[in-house]
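Coordinates in review
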Amino acid sequence: MFNRKISAPLVLLLMLMPVMCSAAEIPDPVLAQWSHEINVTDKDGDQSIRVKATYYSNEYVEALIASEAEKNLWTADEMENYKYTLLKNLNLGECIPFHIDIYVRGLPMYAGPFDKHITMMVGKKRYQPVDYDKRFNFKILGPRDGMVYFPKYDPKTGKEILAGAKDVRLIFDSAISVALSPRGDVTWVWDLTKDRAKIGGGKAANRLEVDRLLKRSEKLNADREALRKQLEALDKEVGEVNSRIDELQSE
């Protein structure tokens, strides 16, 4: 789709994508808007824990792309290639991504299975992660960070979960930490009405949507084939039942 050869700096950045997807280069106002943090120590001083959560809103993602493009003096094609790779790595076509940054001092923290201790709430509905960095399952002492992905579409209705929502909440189970447990679960709220940026449109977003639709088409075709086989089996059984009825009635 793109005729221009990707430059060497861009190739390096794409290789380092999981590391680079951080708040380091985001302007402070954007960072403050889409990141929340808690830093506590238990009453006996045995454990200190800092947990920081960043919601990858449209505004945050666009700010990251603009920051990298300006820093590396990319052309329009280079920026679109980077944007497509970033959106694909974040799985924004199918997921709602959060970056979790944890630092533990003193007693270690045991958070596994991590997906049982973190919940996303939209309205009155709760959602568990569909994927996450499995390093969160092991003993945490010192720094640990990674991505957590929640479903973008409701598994029952197929509708986009954040469509029309005013906010999204992330609930962190305090039971996994002696420092957090006395204060109860940690709940962070992001105001979606302030997310004015739009990722849709452009070559990168269109390529991502094509990827999503191709996967959806494959699933629908597989479901249709399964239903066809099921219908054939039912037709066969109906034929066998009718034949047996005819046999019994003719005796």
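A brief look at the structure comes next. Please read these numbers as outputs of a predicted model, since none were measured by experiment. (Residues numbered from 1 in each chain as written. Predicted model: local features only at pLDDT ≥ 70, side-chain atom pairs only at ≥ 80, totals over all residues. Heavy atoms only, no water.)

1. Here we look at the overall build of the protein chain
Where we set the bar: Put simply, DSSP marks the helices as runs of H or I at least four residues long and the strands as runs of E at least two long, and each gets a number from the N terminus on. Contacts are assigned to residue pairs with any non-hydrogen atoms lying within 4.5 Å of each other.
Summing up its helical and strand segments, the protein chain has six helices and nine strands in all. At a minimum sequence separation of 6, the contacts of the protein chain that also span at least 24 residues come to 70%.

2. Regarding the packing of aromatic side chains
The condition that has to hold: Only Phe, Tyr and Trp rings are paired, with Trp represented by its six-membered ring, and only when their centres lie within 6.5 Å; those with planes under 30 degrees apart are stacked, over 60 edge-to-face, the remainder tilted. The buried label goes to any residue with under 20% of its type's maximum accessible area, the exposed label to any with over 50%, and the partly exposed label to all in between, with areas taken from a 1.4 Å probe on protein chains only. Charge over a ring is defined by NZ of Lys or CZ of Arg lying within 6 Å of the ring centre and within 35 degrees of the ring normal.
Tallying each qualifying case throughout the model produces 11 aromatic pairs. Between Y55 and W190, the ring centres sit 6.1 Å apart and the planes meet at 55°, which makes this aromatic pair tilted. Here Y55, found in strand β2 (residues 47–55), pairs with W190, found in strand β9 (residues 186–191); they are 135 residues apart in sequence, far enough to count as distant. Taking relative accessible area as the criterion, W190 reaches 1% and is therefore assigned buried. With 5.0 Å between their ring centres and 70° between their planes, Y56 and Y60 make a pair best called edge-to-face. An identical accessibility class is assigned to Y56 and Y60; each is buried. Chaining the aromatic ring pairs together yields one cluster made of W34, Y55, F98, F150 and W190. Looking at K134, its charged tip hangs above the ring of Y132, at a distance of 4.5 Å from the centre.

3. Quick look at the sheet that holds strand β8 (residues 167–172)
Note the threshold: When DSSP locates at least two bridges between a pair of strands, those strands are taken to pair. Lines fitted to the C-alpha atoms define the axes, with helices restricted to the stretch that makes contact. Angles between their N-to-C directions range from 0 to 180 degrees.
Ordered in space as β5-β4-β8-β9, the four strands form an open sheet in which the pairing is antiparallel. Only two strands of the sheet have a single neighbouring strand rather than two, namely β5 (125–127) and β9. Looking at each pair of strands side by side, their axes are set apart by 25° on average, direction ignored.

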